[in-house]
Amino acid sequence: MTKEEIKTILPHREPMLLVEELDREGDFALGKYQVKGDEWFLQGHFPGSPVVPGVILCEILAQTMGALLTDRLGEGEIPMYTSMKNVRFKAPVLPGDLFRTKCRITRAKHPFYFAEGEGYVGDTLCVKAEFSFAITEAATCSQRS
């Protein structure tokens, strides 16, 4: 999927849309993000030696999972991150890197979905994590009042 096609299945928009390509391969979702170097999350992390923050790598993993959840979403529903565990950062992701993700659902009990994912630059494992989602109605600020 191209970025425009991704926008039809994920609710994210720039600057938080962090998956530029997305595919399904069997039980796996595969994502790609090319780190350009001028991203908002690199400003100040760290001056003179920019490194993609770990929380951004986890968000890219979560967005990759969107490819596996789209056929499980009803009208007006979105997947919301509910947990992360056993997150391990193995190598930094830097400007110029092509960050590739591979995720799969490990267990499901609707509306909860449990997953695992990995992120790579080339053949180097940079991050791995277990995480979960709940499918919920899309929230608006007016719903909180």
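Up top you'll find the structure we're talking about.
Residues numbered from 1 in each chain as written. Predicted model: local features only at pLDDT ≥ 70, side-chain atom pairs only at ≥ 80, totals over all residues. Heavy atoms only, no water.

Now, about the overall build of the protein chain: what can you tell me, with residues and values included?
Looking only at helices and strands, the protein chain features 2 helices and 6 strands. Along the chain direction, N to C, the helices and strands of the protein chain fall in the order α-β-β-α-β-β-β-β. The C-alpha radius of gyration of the protein chain comes to 15 Å, within 12% of the 15 Å expected for a compact globule of 145 residues. Across its three principal axes, the protein chain shows a C-alpha extent of roughly 45 × 35 × 30 Å. (Helix = DSSP H or I, 4+ residues; strand = E, 2+ residues; numbered from the N terminus. Rg over C-alpha atoms; globule rule 2.2 N^0.38 Å.)

Tell me about the nonpolar core, and please be specific about residues and values.
In this structure, Phe41, Val52, Ile60, Met65, Val93, Phe99 and Phe131 are the most contacted members of the largest nonpolar core, which totals 34 residues. Broken down by secondary-structure element, the contributors of at least two residues to this core are β2 (28-34), α2 (54-69), β4 (98-109), β5 (112-121) and β6 (124-137). Counting residues per element, this core draws most heavily on α2, which supplies 9 residues. Residues contacting methionine 65, with those up to four places away along its chain left out, are Cys103, Arg104, Ile105, Ala115, Phe131 and Phe133. (Core = buried A, V, L, I, M, F, W, Y, C linked by side-chain atoms within 4.5 Å. Buried < 20%, exposed > 50% of the residue type's maximum accessible area, 1.4 Å probe, protein only. Contact = heavy atoms within 4.5 Å.)

Help me get a handle on the sheet that holds β4, residues and values and all.
Strands sit in the order β1-β2-β4-β5-β6-β3 across an open sheet of 6 strands; the sheet is antiparallel. Of all the strands in the sheet, the pair left with one neighbour each is β1 (21-25) and β3 (77-89). For this sheet the average axis-to-axis angle between neighbouring strands, irrespective of direction, equals 25°. Judged from the 7 bridges that link them, β2 and β4 form a sheet pairing that is antiparallel. (Pairing = 2+ DSSP bridges. Axes fitted to C-alpha atoms, helices over the stretch in contact; angles between N-to-C directions.)

I'd love a proper account of unusual backbone geometry, names of residues and values included.
One can expect most non-glycine residues to show negative phi and most peptide bonds to be in trans. Cis geometry is found at the peptide bond from glutamate 14 to proline 15, where omega equals 5°. Within the element layout of this structure, proline 15 appears in the loop between α1 (3-6) and β1. The omega torsion across histidine 45 and phenylalanine 46 is 0°, close enough to zero to call that bond cis. If you trace the backbone, phenylalanine 46 turns up in the loop between β2 and α2. Positive phi, close to 50°, is recorded for asparagine 86, a residue that is not glycine. Mapped onto the fold, asparagine 86 is located in strand β3.

Can you explain α2? Please cite residues and give values.
End to end, α2 covers 23 Å across 16 residues, agreeing with the expected 22 Å (1.5 Å per residue, within 8%). Burial analysis of α2 places 14 of its 16 residues in the buried class, which makes it a mostly covered element. (Expected span 1.5 Å × (residues − 1).)

Help me get a handle on the packing of aromatic side chains, residues and values and all.
Across all of its chains, the model carries 4 aromatic pairs by this definition. Ring geometry for tryptophan 40 versus phenylalanine 41: centroids 5.4 Å apart, planes at 85°, classification edge-to-face. Given a relative accessible area of 40%, tryptophan 40 falls into the partly exposed group. Residue class for phenylalanine 41 comes out buried when judged on its relative accessible area of 6%. For the pair tyrosine 81 and phenylalanine 131, a centre-to-centre distance of 6.0 Å together with 80° between the ring planes defines the contact as edge-to-face. You can see tyrosine 81 sitting in strand β3 and its partner phenylalanine 131 sitting in strand β6, a full 50 residues away along the chain. Connected via pairs of aromatic rings, a cluster forms that spans Tyr81, Phe131 and Phe133. Positioned above the aromatic ring of phenylalanine 114 is the side chain of arginine 107, whose terminal nitrogen or guanidinium carbon lies 3.9 Å from the ring centre. (Phe/Tyr/Trp six-rings, centres within 6.5 Å; stacked < 30°, edge-to-face > 60°. Lys NZ or Arg CZ within 6 Å of the ring centre and 35° of its normal.)

Geometry only, nothing functional implied.
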